[in-house]
Amino acid sequence: MATAIFEGVKITGIACAVPKHKDSIYDFEESFGKENVEKFISTTGVKERRYVHDKQTNSDLCYEAAEAIIAHKDYDKNSFDGLILVTQTPDYARPATAHVLQHRLGFSKDCMVFDINLGCSGFVYGVNIAASLIKAGALKRILLCCGEAHTCLSPNDDKATSMLFGDAGSATIVENGNDTIKTLLKADGEGYRAILTPGVNARVKIDVHNLDYDRIKETMDGSAVFEFALIQVPKSFKEFFKFFGGTIDDYDYCVFHQANLFMLEHIRKKIKLAPEKMPISMDRYGNTSSVSIPLTIADLCNRENCKENLKIISSGFGIGLSWGIADFTVDRKDILPIIETDEYFKEAFTGN
């Protein structure tokens, strides 16, 4: 079992950024009909979502979040020896978008930089990887970014995806500190087709002069994802507490990946979580994939009268199929208000 305890590792800051542009899901009534839209809202809980403009990418959102949290902490950028970006909507097919962020942020060349191609479980996987590198003594301070600009890839004619996903970016600082982080990670590649974007790549070869978008667009088997989550997520919580001890009542909040409200309510009841301990942000931001956990934490801390020191257990699950749990404490003063931005990396369009 992929379980780990990381003593002496702490999350010391979280910042998130979203585009200024927003959709009301009711605006989709013309495309899908009023009845379908109302059913979608009642099932998923999504009423609004944020979307990037045509020059904005996930790294633009991560950049704004990163600059804000580094300034808040008053850290020297040269003190970061690791930069990890979790994304499934990179700026380019290659190089890794993390290198674009390294350049823009002005991080040292003595810095380990790479992307992780994960979605819904990306934050908990990213916390595990960052904590592993720190605990191993390889690195001391890591900027863990999660970013998605999903709306530019979602087909507008698909009810399962076009209204569901939103765009956002986050920056989380993971470093040596007086805390213990525990993680449990799982995956089931047999379900790789449940959420699939064939794209233009080695597996799917197409004539670029006669592009057939239907062959490369994203598809999602909603019922398969729903069944997977309802079975595997509660089971993983039982395994987590059996291995590490404790109960769900030991935590101030349980922050889930914001996949679907109906799904989360079922999971909440199965793990016997009090309703007030399950914060929700998808109603205003949609499903933001790997960003949804830090985004929900930032939204929670700036809307409610939270404690100063929060004990959080988080769970991400979805594409892959992959899922996991990570618990940690974080100081509320180091969780920044959500940034709204329409800024973008102008150098990318100048060729300079």
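Above this text sits the structure in question.
Conventions and cut-offs
- Residues numbered from 1 in each chain as written.
- Predicted model: local features only at pLDDT ≥ 70, side-chain atom pairs only at ≥ 80, totals over all residues.
- Heavy atoms only, no water.
- Core = buried A, V, L, I, M, F, W, Y, C linked by side-chain atoms within 4.5 Å.
- Buried < 20%, exposed > 50% of the residue type's maximum accessible area, 1.4 Å probe, protein only.
- Helix = DSSP H or I, 4+ residues; strand = E, 2+ residues; numbered from the N terminus.
- Contact = heavy atoms within 4.5 Å.
- Polar contact = N/O pair within 3.5 Å; in protein donor to acceptor, adjacent residues only side chain to side chain.
- Salt bridge = Lys/Arg side-chain N within 4 Å of Asp/Glu carboxyl O.
- Pairing = 2+ DSSP bridges.
- Expected span 1.5 Å × (residues − 1).

With respect to the nonpolar core
Logical step 1: Counting residues in hydrophobic clusters, the biggest one holds 45 residues, and the most contacted among them are Ile11, Phe123, Leu295, Ile297, Leu310, Phe328 and Ile335.
Logical step 2: Per element, the largest residue contribution to this core is eight residues, and it comes from helix H5 (residues 122–135).
Logical step 3: In this structure isoleucine 335 touches Ile14, Ile297, Ala298, Cys301, Asn302, Leu310 and Val330, once residues within four positions along its chain are discounted.
Logical step 4: Counting residues in hydrophobic clusters, the runner-up holds 39 residues, among them Val37, Ala194, Tyr251 and Ile325.

Points about unusual backbone geometry
Logical step 1: Arginine 94 connects to proline 95 through a cis peptide bond whose omega is 10°.
Logical step 2: Phi is positive for lysine 272, close to 60°, though the residue is something other than glycine.
Logical step 3: Along the chain, the position of lysine 272 falls in the loop between helix H9 (261–270) and helix H10 (282–285).
Logical step 4: Look at serine 289: it is not a glycine, yet its phi comes out positive at around 55°.
Logical step 5: Along the chain, the position of serine 289 falls in the loop between H10 and helix H11 (292–301).

A few points about the side chain of arginine 50
Logical step 1: For arginine 50, the location among the structural elements is in strand S3 (residues 48–50).
Logical step 2: Looking at arginine 50, its side chain comes within polar contact range of the main-chain oxygen of proline 19, at 2.8 Å.
Logical step 3: Here glutamate 340 takes part through its side chain, which lies 2.7 Å from a polar atom of the side chain of arginine 50.
Logical step 4: For arginine 50, the contacting residues outside a window of four places in its chain are Val18, Pro19, Lys20, His21, Lys22, Thr151, Gly166, Asp167, Tyr285 and Glu340.

Structural notes on the pattern of salt bridges
Pairing of side chains with opposite charge becomes possible as their charged atoms draw close.
Logical step 1: Evaluated as defined, the whole model comprises 15 salt bridges.
Logical step 2: As a salt-bridge pair, glutamate 239 and lysine 186 come within 3.1 Å of each other at their nearest N and O atoms. Of this pair, glutamate 239 sits in helix H8 (residues 222–244) while lysine 186 sits in strand S7 (residues 168–187); the two residues are 53 residues apart in sequence, bridging distant segments of the chain.
Logical step 3: Given a relative accessible area of 18%, glutamate 239 falls into the buried group.
Logical step 4: A salt bridge links aspartate 299 to arginine 284, with the shortest nitrogen-to-oxygen separation between them at 2.7 Å. Pair noted here: aspartate 299 is in helix H11 and arginine 284 is in helix H10, with a separation of 15 residues, a long-range link.

Digging into the pairing of strand S10 (residues 253–256)
Logical step 1: The alternating pattern of S10 places Tyr253 and Val255 on one face and Cys254 and Phe256 on the opposite face, and all of these are buried.
Logical step 2: Sheet topology places S10 next to strand S11 (residues 309–318); four bridges connect them, and they run parallel. Bridged to phenylalanine 256 within S11 is serine 315.

Notes on helix H3 (residues 58–73)
Logical step 1: Between its first and last C-alpha, H3 extends 23 Å over 16 residues, near the 22 Å set by a 1.5 Å rise per residue.
Logical step 2: Among the 16 residues that make up H3, 12 are buried, leaving the element largely enclosed by the rest of the structure.
Logical step 3: Listed in full, the buried residues belonging to H3 are Asn58, Ser59, Asp60, Leu61, Cys62, Tyr63, Glu64, Ala65, Ala66, Ile69, Ile70 and Lys73.
Logical step 4: Those residues of H3 hidden inside the fold are in contact with strand S1 (2–19), strand S4 (82–86), helix H4 (97–105), strand S6 (141–148), S7 and strand S13 (339–341).

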